[in-house]
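One-letter residues, chain by chain:
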Amino acid sequence: MMTFLKTILIVLLVYLGLKFLIRLATPYLMRYISKKAGQQFEQFFGNNPDMNSQHKPEGSITIDKNPSQNSRKSKKVGEYVEFEEVD
C-alpha cells in the first residue's frame, strides 16, 4: 500500500513540475518561434525587386515585360450543345 502512495506522489510531483516548467518556458518558446517566422518571412519576401528598387522620379515609365505577339485568340471556342433537363 505504501509503494502505491509513493508512486502516486511521484507521478503527481512530476506532473506538477512539468506543468510549472512549461509555464516558465512558454514565453521564451513563443519568442523563438516568432523570431524564426519573421526571419523566414524576410527571407521569402526580402528579395522582392519592387521593395529594393530606388524610387523613380514621378512620371517616368518603365516596361517590365513586352506582350507576346504570337498569342492570337481564335474566335471559335467550341461547339454549343443544348441540354434538356430530365425530371
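Below you will find a few notes about this structure. (Residues numbered from 1 in each chain as written. Predicted model: local features only at pLDDT ≥ 70, side-chain atom pairs only at ≥ 80, totals over all residues. Heavy atoms only, no water.)

### Side note on the overall build of the protein chain
Here is step 1: Along the protein chain, the regular secondary structure elements total 2 helices and 0 strands.
Here is step 2: Out of the 87 residues belonging to the protein chain, those deemed buried represent 0%. (Helix = DSSP H or I, 4+ residues; strand = E, 2+ residues; numbered from the N terminus. Buried < 20%, exposed > 50% of the residue type's maximum accessible area, 1.4 Å probe, protein only.)

### Observations concerning the packing of aromatic side chains
Here is step 1: Counting across every chain of the model gives 2 aromatic pairs.
Here is step 2: Arranged with centres 4.7 Å apart and planes meeting at 50 degrees, the rings of Phe41 and Phe45 form a pair that is tilted. Of this pair, Phe41 and Phe45 both sit in helix α1 (residues 2–45), 4 residues apart, which is roughly one turn of that helix.
Here is step 3: When its relative accessible area of 51% is taken as the criterion, Phe41 is described as exposed.
Here is step 4: Of the residues examined, Phe45 reaches a relative accessible area of 45% and is grouped as partly exposed.
Here is step 5: Taken together, the aromatic side chains of Phe41, Phe44 and Phe45 make up a single cluster linked through ring pairs. (Phe/Tyr/Trp six-rings, centres within 6.5 Å; stacked < 30°, edge-to-face > 60°.)

### Some thoughts on α1
Here is step 1: Between its terminal C-alpha atoms α1 stretches 62 Å, which fits the 64 Å expected from 44 residues at 1.5 Å a residue.
Here is step 2: The largest bend in α1 amounts to roughly 40 degrees and is located at Ala25, with the proline Pro27 lying one to four residues further along. (Expected span 1.5 Å × (residues − 1). Bend = angle between axes of the 7 residues up to and from the residue.)

### With respect to a nonpolar patch on the surface
Here is step 1: Side chains of Ile10, Val14, Leu18, Phe20, Leu21, Ile22 and Leu24 sit close together on the surface and give an oily, nonpolar patch of about 710 Å² of accessible area.
Here is step 2: Tracing the backbone through its elements, the reader meets Leu24 in helix α1.
Here is step 3: Here Leu24 falls in the partly exposed class, since its relative accessible area comes to 46%. (Patch = residues over 30% accessible without salt bridge, like charges linked within 9 Å, V, L, I, M, F, W, Y side chains within 5 Å. Areas by Shrake-Rupley, 256 points an atom, 1.4 Å probe, with all protein chains shown as cover. Salt bridge = Lys/Arg side-chain N within 4 Å of Asp/Glu carboxyl O.)

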